[in-house]
Amino acid sequence: KSKKSCKRGKKKKCFRGYYLRYGYCYKCPKNMYSAGGKSKDCKRCPKGTTDASGKGKSKKSCKKGKKKNCNRGYFLRHGDCYKCPKNMYSLGGRRRGCSRCPEGTTVGRGKGKSRISCKG
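What counts and how
Residues numbered from 1 in each chain as written. Predicted model: local features only at pLDDT ≥ 70, side-chain atom pairs only at ≥ 80, totals over all residues. Heavy atoms only, no water. Helix = DSSP H or I, 4+ residues; strand = E, 2+ residues; numbered from the N terminus. Contact = heavy atoms within 4.5 Å. Disulfide = S-S within 2.5 Å. Buried < 20%, exposed > 50% of the residue type's maximum accessible area, 1.4 Å probe, protein only. Pairing = 2+ DSSP bridges. Patch = residues over 30% accessible without salt bridge, like charges linked within 9 Å, V, L, I, M, F, W, Y side chains within 5 Å. Areas by Shrake-Rupley, 256 points an atom, 1.4 Å probe, with all protein chains shown as cover. Salt bridge = Lys/Arg side-chain N within 4 Å of Asp/Glu carboxyl O. Lys, Arg positive; Asp, Glu negative; His and termini not counted. Charge placed at Lys NZ, Arg CZ, Asp CG, Glu CD.

### Remarks on the environment of Ser114
Consideration 1: On the secondary structure map, Ser114 appears in the segment after β10 (99–100).
Consideration 2: Considering only alpha carbons, one finds Ser114 and Ser99, 15 residues apart in sequence, at a separation of 9.0 Å.
Consideration 3: Residue contacts for Ser114: discarding those within four places in its chain leaves Arg72, Tyr89 and Leu91.

### Some thoughts on the state of the cysteines
Consideration 1: The full count for this structure, using the stated rule, is six disulfides.
Consideration 2: Two residues share a disulfide in this structure: Cys84 and Cys98, whose sulfurs sit 2.1 Å from each other. Here Cys84 and Cys98 share a disulfide; its torsion about the S-S bond, -85°, makes the bridge left-handed. On the criterion of sequence distance, the pair formed by Cys84 in the loop between β8 (80–83) and β9 (88–89) and Cys98 in the loop between β9 and β10 is long-range, its members being 14 residues apart. Accessibility assignment for this pair places Cys84 and Cys98 in one class, buried.
Consideration 3: Each sulfur in the disulfide pair Cys101 and Cys118 lies 2.0 Å from the other. Around the S-S axis, the bridge from Cys101 to Cys118 shows a dihedral of about -65° and counts as left-handed. Placement of Cys101 in the segment after β10 and of Cys118 in the segment after β10 is noted, with a sequence separation of 17 residues between them.

### Here's the deal with the pairing of strand β7 (residues 74–77)
Consideration 1: Both β7 and β8 contribute to a ladder of four bridges, which runs antiparallel. Paired with Leu76 across the two strands is Cys81, which belongs to β8.
Consideration 2: Counting the residues that bridge the hairpin from β7 to β8 gives two residues, and of these His78 lies at a positive phi of roughly 55°.

### A word on the pairing of strand β2 (residues 24–27)
Consideration 1: Here strand β1 (residues 18–21) pairs with β2 via four bridges, running antiparallel. Across the sheet, Tyr18 pairs through a bridge with Lys27, a residue of β2.
Consideration 2: As consecutive antiparallel partners, β1 and β2 are separated by two residues, and within that stretch Tyr22 has a phi angle of approximately 55°, a positive value.

### A short note on a positive patch on the surface
Consideration 1: Together, Arg72, Lys83, Arg95, Arg109, Lys111 and Lys113 line one region of the surface with positive charge.
Consideration 2: With respect to the helices, strands and loops of the structure, Arg95 is situated in the loop between β9 and β10.
Consideration 3: Given a relative accessible area of 40%, Arg95 falls into the partly exposed group.

### Describing the side chain of Ser34
Consideration 1: Structurally, Ser34 can be placed in the loop between β3 (32–33) and β4 (43–44).
Consideration 2: In this structure Ser34 comes out as buried when scored by relative accessible area, which is 3%.
Consideration 3: With residues up to four places along the chain from it excluded, the contact list for Ser34 reads Arg16, Gly17, Tyr18, Tyr19, Cys28, Ser39, Asp41, Cys42, Gly56 and Lys57.

### Regarding unusual backbone geometry
Consideration 1: Unusually for a residue other than glycine, Tyr22 sits at a positive phi of about 55°.
Consideration 2: Note on Tyr22: relative accessible area 69%, which makes it exposed.
Consideration 3: In this structure, Asn31 is a non-glycine residue whose phi angle is positive, near 70°.
Consideration 4: Within the secondary structure, Asn31 sits in the loop between β2 and β3.
Consideration 5: Take Asn31: its relative accessible area is 24%, and that puts it in the partly exposed class.

Given below as structure tokens:
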């Protein structure tokens, strides 16, 4: 055995949902899975299915996902909801961006739930 493979903290095999890289185990990203062991990468879930980060242990872990809806004041980007920036609003749902408040009005970050949230 080489010294490198015997260093403390390094692994030869990973749990399911993790992949092996440079002797260390890393959690699979969202919407990917790994059987663990000596897998050097994660596989992408089939189109139209999703999986939470590190939970994808096999192709069966990928479930048909419901389309995510965001609350008012938030917008959808890459499957996650984010607060609208200051002086912007969103009606939520599956909107991919926020609308700017009318000139001369303001609203706090994530507080713009409709145009009337913008105050002058």
